[in-house]
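Here is how the chains run, residue by residue.
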Amino acid sequence: ILNFMPIDRVSELLSRMARLIAADGYERGLKPVQWQALRFLASANRFSRTPGGMTAWLGQTKGSVSQTIAVLVGKGLIDRSEDQKDRRVVRLNLTVAGQALVCAPPIPSAEDMLEVLSDEDRLALGMTLEMMLRGHLAKRGDRPFGLCANCMHFGHKQGDGTLHRCRLLMVDLSDNDAARICIEQKAA
């Protein structure tokens with residue numbers, strides 16, 4: 001019995017699990033990258049739901065993401081619009097159909113894999129995976145994203161009922177905004 005696992009074996013396991021989980025999109029009539037794009041839009045804040053934000057999140061080229069966006073627009077799952085304040089910025093949002101697809105009961109691949117773990121093991125795994133991902137993205141010079149509420153620019157609302165505040169973008173944030181991922185996030 002080994003008391004360690006070789007890196008190549010762990011890498012093989014992660015790759016296989018990723019392929020199985022990515023294939024969930026096929027069961028919804030989408031390619032894996034299209035499914036991941038929808039999931040990104042469902043979890044990203046309003047400042048990150050742009051073609052650039054999606055490109056950074058997916059780790060794809062601008063051309064590939066542009067094609068993915070075009071397909072999802074054509075399927076009626078997302079829409080594009082100009083930003084009202086800066087017309088150079090394109091905003092992406094889930095349509096009602098896109099929201100319904102993302103909110104449908106999960107296909108159980110990842111859930112089945114995680115179900116065998118205790119709460120403590122899931123927490124440890126989640127923290128380990130996050131550390132691995134952040135390290136990898138930092139080496140590549142890519143943005144890690146992160147929860148708005150965990151950002152150094154996040155200002156908590158006061159007791160007077162005011163909204164949270166992004167001190168970087170100088171905008172008010174709702175509780176919903178605070179719980180979403182942001183491309184501008186810098187860990188506090």
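Residues numbered from 1 in each chain as written. Predicted model: local features only at pLDDT ≥ 70, side-chain atom pairs only at ≥ 80, totals over all residues. Heavy atoms only, no water.

K.L.:
Lay out the overall build of the chain in plain terms, naming residues and giving numbers.
P.N.:
Across its full length, the chain holds eight helices and five strands. Going from the N terminus to the C terminus, the chain shows its helices and strands as α-α-α-α-β-β-α-α-α-β-β-β-α. Each of the three principal axes of the chain carries a C-alpha extent, and together these read 60 × 45 × 35 Å. By the burial criterion, 29% of the 188 residues in the chain qualify as buried. (Helix = DSSP H or I, 4+ residues; strand = E, 2+ residues; numbered from the N terminus. Buried < 20%, exposed > 50% of the residue type's maximum accessible area, 1.4 Å probe, protein only.)

K.L.:
Tell me about the sheet that holds strand β4 (residues 164–166), residues and numbers included.
P.N.:
The strand order across the open sheet formed by three strands is β3-β4-β5, and the pairing between neighbours is antiparallel. Pairing within the sheet leaves two strands with one partner each, and these edge strands are β3 (154–155) and β5 (171–173). (Pairing = 2+ DSSP bridges.)

K.L.:
Summarise helix α7 (residues 119–140); cite the residues concerned and give the values.
P.N.:
The end-to-end C-alpha distance of α7 is 32 Å, a good match for the 32 Å that 22 residues give at a rise of 1.5 Å each. In the segment just after α7, Gly141 is the residue with positive phi, at about 80 degrees. (Expected span 1.5 Å × (residues − 1).)

K.L.:
Quick one: what's the story with a nonpolar patch on the surface, residue by residue and with numbers?
P.N.:
A cluster of nonpolar side chains, namely Met5, Val10, Leu13, Leu14, Leu114, Leu125, Leu129 and Met132, defines an oily patch on the protein surface of about 590 Å² accessible area. Elements supplying a minimum of two residues to the nonpolar patch: α1 (7–22) and α7. Relative to the helices and strands, Leu114 is located in helix α6 (residues 109–115). Residue Leu114 is classed as partly exposed on the basis of its relative accessible area, which comes to 35%. (Patch = residues over 30% accessible without salt bridge, like charges linked within 9 Å, V, L, I, M, F, W, Y side chains within 5 Å. Areas by Shrake-Rupley, 256 points an atom, 1.4 Å probe, with all protein chains shown as cover. Salt bridge = Lys/Arg side-chain N within 4 Å of Asp/Glu carboxyl O.)

K.L.:
Quick one: what's the story with the nonpolar core, residue by residue and with numbers?
P.N.:
With 20 residues, the main nonpolar core has Leu38, Phe40, Leu41, Met54, Leu72 and Ile78 as its most contacted residues. Discounting residues that sit within four places of it in the chain, Leu38 has contacts with Leu30, Leu72, Leu77, Ile78, Leu94, Leu101 and Val102. By size, the runner-up hydrophobic cluster in this structure holds eight residues, among which are Cys148, Phe154, Val171 and Ala178. (Core = buried A, V, L, I, M, F, W, Y, C linked by side-chain atoms within 4.5 Å. Contact = heavy atoms within 4.5 Å.)

K.L.:
Talk me through the confidence of the model for the chain; I want residue IDs and the actual numbers.
P.N.:
Overall, the prediction assigns the chain a mean pLDDT of 88, with 95% of residues at 70 or greater. Mean pLDDT across the secondary structure elements of the chain bottoms out at α6, with 85, and peaks at helix α4 (residues 62–74), with 96. (pLDDT = per-residue confidence, 0-100.)

K.L.:
If you had to explain the environment of Leu94 to someone new, which residues and values would you point to?
P.N.:
Relative to the helices and strands, Leu94 resides in strand β2 (residues 90–94). Here the alpha-carbon distance between Leu94 and Pro6, two residues 88 residues apart in the chain, equals 42 Å. When near neighbours in sequence (up to four residues on either side) are disregarded, Leu94 contacts Leu38, Leu41, Ala42, Leu77, Ile78, Gln99 and Val102.

K.L.:
Tell me about the pattern of salt bridges, and name the residues and values.
P.N.:
Tallied over the entire structure, the rule returns 10 salt bridges. Between Arg46 and Asp177 there is a salt bridge, with the nearest N and O atoms lying 3.7 Å from each other. Of this pair, Arg46 sits in the loop between α2 (32–43) and α3 (51–58) while Asp177 sits in helix α8 (residues 175–178), and the two are 131 residues apart along the sequence. Under the relative-accessibility criterion, Asp177 is labelled buried at 12%. With its nearest N and O atoms 3.0 Å apart, the salt bridge here joins Arg87 to Glu82. Judged by its relative accessible area of 58%, Arg87 is exposed.

K.L.:
Describe the state of the cysteines, and please don't skip the residues or the numbers.
P.N.:
According to the stated counting rule, one finds zero disulfides in the structure shown. Take Cys148: it sits in no disulfide, and the sulfur closest to it among the cysteines is that of Cys182, at 5.7 Å. By relative accessible area, which is 8% here, Cys148 ends up buried. A residue is classified by how much of its surface remains accessible, and Cys182, at 7% relative accessible area, is buried. (Disulfide = S-S within 2.5 Å.)

K.L.:
Which residues make up the packing of aromatic side chains, and what are the values?
P.N.:
Here the distance between the centres and the angle between the planes together describe a pair of aromatic rings. This structure, assessed with the given rule, holds three aromatic pairs. For the ring pair Phe40 and Phe145, a centre distance of 5.8 Å and an interplane angle of 90 degrees mean the geometry is edge-to-face. Highlighted residues: Phe40 in helix α2 and Phe145 in the loop between α7 and β3, separated in sequence by 105 residues. An identical accessibility class is assigned to Phe40 and Phe145; each is buried. One aromatic cluster is present, built from ring pairs that chain together Phe40, Trp57 and Phe145. (Phe/Tyr/Trp six-rings, centres within 6.5 Å; stacked < 30°, edge-to-face > 60°.)

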